[in-house]
Number of protein chains: 4
Amino acid sequence: MFRYFTAGESHGPELTGIVEGVPAGLQLTEDDMERHLVRRQQGYGRGGRMAFEKDRAIIKSGVRFSKTTGAPIALTMINLAYEKDKSNWPVVMAKEGTPENIERITLPRPGHADLTGLQKYRFDDIRPVIERSSARETAMRVACCTVARQFLKSLGIEIGGHVIQIGSAGYEGWEEIRDITSALIGKGAEQVFKKSDKSDVRCLHKDLGKKMREEILVRRKEGSSLGGIYEIIVTGLPAGLGSYVQWDRKLDGLLAQAIMSTQAMKGVEIGLGFDSGKTHGHNVHDEIMYDGSFKRRTNRAGGLE
Amino acid sequence: MFRYFTAGESHGPELTGIVEGVPAGLQLTEDDMERHLVRRQQGYGRGGRMAFEKDRAIIKSGVRFSKTTGAPIALTMINLAYEKDKSNWPVVMAKEGTPENIERITLPRPGHADLTGLQKYRFDDIRPVIERSSARETAMRVACCTVARQFLKSLGIEIGGHVIQIGSAGYEGWEEIRDITSALIGKGAEQVFKKSDKSDVRCLHKDLGKKMREEILVRRKEGSSLGGIYEIIVTGLPAGLGSYVQWDRKLDGLLAQAIMSTQAMKGVEIGLGFDSGKTHGHNVHDEIMYDGSFKRRTNRAGGLE
Amino acid sequence: MFRYFTAGESHGPELTGIVEGVPAGLQLTEDDMERHLVRRQQGYGRGGRMAFEKDRAIIKSGVRFSKTTGAPIALTMINLAYEKDKSNWPVVMAKEGTPENIERITLPRPGHADLTGLQKYRFDDIRPVIERSSARETAMRVACCTVARQFLKSLGIEIGGHVIQIGSAGYEGWEEIRDITSALIGKGAEQVFKKSDKSDVRCLHKDLGKKMREEILVRRKEGSSLGGIYEIIVTGLPAGLGSYVQWDRKLDGLLAQAIMSTQAMKGVEIGLGFDSGKTHGHNVHDEIMYDGSFKRRTNRAGGLE
Amino acid sequence: MFRYFTAGESHGPELTGIVEGVPAGLQLTEDDMERHLVRRQQGYGRGGRMAFEKDRAIIKSGVRFSKTTGAPIALTMINLAYEKDKSNWPVVMAKEGTPENIERITLPRPGHADLTGLQKYRFDDIRPVIERSSARETAMRVACCTVARQFLKSLGIEIGGHVIQIGSAGYEGWEEIRDITSALIGKGAEQVFKKSDKSDVRCLHKDLGKKMREEILVRRKEGSSLGGIYEIIVTGLPAGLGSYVQWDRKLDGLLAQAIMSTQAMKGVEIGLGFDSGKTHGHNVHDEIMYDGSFKRRTNRAGGLE
């Protein structure tokens, strides 16, 4: 059983992760993790030509000569601002000492854990809530999950993704998305990543990507932000990986938990998703074909039945 | 920690459940469970005036004088058809003996676990897959979760729900739904159940309910089925119930797992859900107000931040 | 991951168990379970020629034609006294109704969970504590664990056991025990069971068994009970089954938990156990030999390093 | 639920730990952890007046102004030898690069995980097994569990311990141990620690401690090591902390797991332990007295019934 914990505050000295239950002999380097960490840091209106310092997860245990040893893998990710004394963290979030002359943050922001955290822990300063609930935590999650990704890859399972909607700019329907991804998927889901990464809005469709960029610019001028929707594609999965026998073993439930527990996610769909709720049976199933092996012409159930 | 397992096949002698980690002193009777089991069995085009035999969960342990004792609660739900010898189960699914002259089911149905189960377990007869992956399993889940519901109710937490879309018939937008539920929610989420239960399509809106019924009739004539979307509302929750500190403790992830692991569910949204991905920041947050206590005028984040 | 829950009160209508995470295709019948349930019921001074009614676990799901299907296995064990109306349970432990004219049990017995249960749940009647903490719960544990035993057996792993001490009657030392078990172990640990089961005190040594019986008789006349010590032997285990990488994966810890959580157990030893604490290094290790494959001449570490 | 993982190799750059599920507001400093880390490092024949460099766990997250924040607590413990380039680890256990001219360790030691690890992971060098299965891992366990200790202390629960046997030198029986501990226990179990810490063999009994030291000296001259037995005492526990309702919730099982999973432990007893198996009922129970509140004159069941 693969397990992992993350720890660390957004502006603290470091993020820490422990990944556990990893078999020995799996290829894993800091560069493998960096590739995905860099992908996380990029994005239109964030990176671009603007210089940024790359996150890097340092392996502290569990790996020898670029291969896992079976032992737990400890990862640390140094906060570069903190290291360069550009942070006031050592004063306002000091692990020891007493709080003196510290300007408290007391105004909870909507859309964040601020208010809930204040009420739960009865803090008089929101900082500890902001620091831990921050999306920066996902940097360590990316590093930890790269281990899982390497494991899956060793079994021929690939994961890819691309953006399908930003604000009002999005594909017309599932067919349009299928058209643009199907050729790539045939070569493995990572091809979807490789191609979408060439776009700074991660969109596979050139014109649509342009619209997304325009919408971001408009909203930025207004001082607002924008939501979006992405699609995750997995290829190479053997049939029978999940289980239908007990509620807490079902793969669709576990995937939904993983996605929804990510900061700022408000919805998860599998296959047609909510559109299944708006149509009738013949349109939501994937006909099963047999010509030596089982095949299907459509993927309306998201491959998870 | 509240835990439960269900067991049992769709046409087998009984469904079995064990609910564990329940405090002592909680009110619980078989009638409490039956109320929700009956609700599960009803529905337009299924029950109506047509007679059906009610499912009833029998308490075998863990309850004394209508109160839980702290011990595990064992529940069994007898399969009435099996009891009355109307089932061929004792022959085709016999727990002992050898399979003789049994007509195998070998054609996997799309939209079900049939094919996956066949491939996973290398069966030559799909029956064991059909029997366990059947939606009848949710009958025992309803019984088990009534225990959780009673616990929550003892803390002033109520759960309600209603149908917002069947096929092409649905509300125009979130505002329309809020208008119809807000008065009920003020008195506790169970009021939503009580009112929606009066409709055989569980719709709070009379005219919309009529359209849903019409669409069901049309599709039935075509021999097809229809998807739908429902909304779940919880009231009385204290702030800080979930946690932002570790990925697998986050309440939104756990709720998404619970919903998505239910048979036939293909999507979960919290608050605005996917609509958050189609608009900008000012439209997705819920402004925090303070006039002695914290309040919000909107509920776009689904109350889960 | 193999998981199981038990439920049920000592004198209630039935004990219930759900065993989960069992692969499909494993041989399992009610007779397989009964063999071990009968073994649990026997014992000098308990059964003998005296008639007793056999416990039998009834399979309610998860098994077809004597083979597991991968689905959860539900087991029920009917309380025969309850069935025959010889029990006053329906009155004093009724699941519904109100307690009227019920003679409460209020005197907690030492050596039981009585007092702790009373204080934890603030009951005014100890019955619910007595009923659940009773050693009768182990009957369902035996049935559930027979499933695990069948699984292990299919991999060539056998479990056996025998009694090494009752009261003051016991073996002189580990060497004496080894002498008597080593020949049996060579043919698989179940041989140890088969031979020890021929003795009503489960002792492999004829004269020692006689002393144990005598001591039981003496103590019974005094109205007292007697403690004992047994040895569990497992054969056929592949190397590397447990793990040294994380504290909660270590096999010795998990075995100790399983044993110590059984009613009335107060100690667990592996290999030399506490005797290791009374001697020096050369006496506690098992020299590793190599003549094509690895071998050891001694088993002081209990085979668990 | 309190959870923790440790990671790190014996001679690697650092040990890492993440402690999770800790409430906010708990007093915790690096000095609190150091007190117990120093205790772990001491011992007759190991420290004495000989200088040694103290282990120190550095808090990287989850603590602000000496109080926990509810967020996960990340701990790192730097390997001092590694830091000072006195280690050949960077060459023989390098996380990247290829193994060149590295002298392999191929002779598995008895009494360690060496052989099992080799066979499980099919390594051609035992180093990764030695490094992770080493008792040095317990240093991080001590640091992590200090967090639990601080939590328990805030509830008035104290844990103490002392050595009762080294080699052939040990107390005569339980009565002798009770005599020497009972006065200390009355003031809280930490008093037992405080007093036993004054002895370099952690023995509360002066003459017995002398015998232990003598035995250690004799065995050291022979080039051998010695086993031992210690007693752990907990005070301030409320009744009803564990549970009798399900096998995997029982406190005695969980405690046995925690102890037995520690490196080199081969036995666990509660109360009279194995001596219960050698005597009769009247000698193993603790009579329950009542004079306003419940009391017991003896503690033969180890306080865990």
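Up top is the structure.
What you are looking at is a predicted structure, and each value in this text was computed from that prediction instead of being measured.

Criteria and cut-off values
- Residues numbered from 1 in each chain as written.
- Chains lettered and ligands numbered in written order.
- Predicted model: local features only at pLDDT ≥ 70, side-chain atom pairs only at ≥ 80, totals over all residues.
- Heavy atoms only, no water.
- Contact = heavy atoms within 4.5 Å.
- Buried area = accessible area lost by both parts, 1.4 Å probe.
- Salt bridge = Lys/Arg side-chain N within 4 Å of Asp/Glu carboxyl O.
- Polar contact = N/O pair within 3.5 Å; in protein donor to acceptor, adjacent residues only side chain to side chain.
- Pairing = 2+ DSSP bridges.
- Helix = DSSP H or I, 4+ residues; strand = E, 2+ residues; numbered from the N terminus.
- Buried < 20%, exposed > 50% of the residue type's maximum accessible area, 1.4 Å probe, protein only.
- Patch = residues over 30% accessible without salt bridge, like charges linked within 9 Å, V, L, I, M, F, W, Y side chains within 5 Å.
- Areas by Shrake-Rupley, 256 points an atom, 1.4 Å probe, with all protein chains shown as cover.
- Least-squares fit on C-alpha atoms with pLDDT ≥ 70 in both.
- Disulfide = S-S within 2.5 Å.
- Expected span 1.5 Å × (residues − 1).

Thoughts on the interface of chain D and chain C
- Taken residue by residue, the interface counts 76 residues in chain D and 77 residues in chain C.
- Around 6,500 Å² of area is buried between chain D and chain C when both sides are counted, 59% of it from carbon and sulfur atoms.
- Ranking the residues of chain D by area buried against chain C places Tyr244, Trp247 and Lys266 of chain D at the top, with a combined share of 14%.
- Here chain D and chain C share zero salt bridges between them.
- In this assembly, chain D and chain C are joined by 17 residue pairs in polar contact (both at pLDDT 80 or more).
- The pairing of strand β10 (residues 267-269) of chain C with strand β10 (residues 267-269) of chain D spans three bridges and is classified as antiparallel. Bridging from a neighbouring strand, valine 268 of chain C pairs with valine 268 of chain D of β10 of chain D.

Concerning the pairing of strand β9 (residues 228-235) of chain B
All names here are of chain B.
- Residues Ile229, Glu231, Ile233 and Thr235 of β9 are buried on one face, while the alternating residues Gly228, Tyr230, Ile232 and Val234, pointing to the opposite face, are not.
- Pairing of strand β7 (residues 158-166) with β9, which is carried by eight bridges, proceeds in the antiparallel orientation. Of the residues in β9, the one forming a bridge with valine 163 is tyrosine 230.

Quick word on a nonpolar patch on the surface
Residue and element names in this part refer to chain A.
- Judged by side-chain polarity, Tyr230, Ile232, Val234, Leu237 and Leu241 come together as a nonpolar surface patch covering roughly 430 Å² of accessible area.
- You can see isoleucine 232 is positioned in strand β9 (residues 228-235).
- Residue isoleucine 232 is classed as partly exposed on the basis of its relative accessible area of 42%.

Comments concerning the relation of the copies chain B and chain A
- With an axial shift of 0.0 Å and an RMSD of 0.0 Å, the rotation relating chain B to chain A amounts to 180 degrees. Such a turn and shift between the copies fits a two-fold axis.
- Interface residue correspondence from chain B to chain A reaches 99%, placing this contact among same-surface, isologous pairings.

Some points on the pattern of salt bridges
Residues and elements named next belong to chain C.
- Across all of its chains, the model carries 88 salt bridges over all chains by this definition.
- Here aspartate 31 and arginine 56 are joined by a salt bridge, their closest N and O atoms 3.0 Å apart. Pair noted here: aspartate 31 is in helix α1 (residues 30-41) and arginine 56 is in the loop between α1 and β3 (57-59), with a separation of 25 residues, a long-range link.
- Among the residues examined, aspartate 31 registers a relative accessible area of 40% and is labelled partly exposed.

With respect to the state of the cysteines
- Taken as a whole, this structure holds zero disulfides over all chains when the rule is applied.
- Cysteine 145 of chain A carries a free sulfur, and the closest cysteine sulfur to it, the one in cysteine 144 of chain A, is 6.4 Å from it.

Concerning α1 of chain C
Residues and elements named next belong to chain C.
- Helix length check: α1, at twelve residues, gives a terminal C-alpha distance of 16 Å against a target of 16 Å (1.5 Å per residue), a fit within 8%.
- Burial analysis of α1 places nine of its twelve residues in the buried class, which makes it a mostly covered element.
- All of the buried residues in α1 are Glu30, Asp32, Met33, Glu34, His36, Leu37, Val38, Arg39 and Gln41.
- Of the surrounding secondary structure, the elements contacted by the buried residues of α1 are β3, β6 (73-78), α6 (137-154) and α8 (190-196).
- Once α1 finishes, glycine 43 follows within two positions and takes phi at roughly 145 degrees, a positive value.

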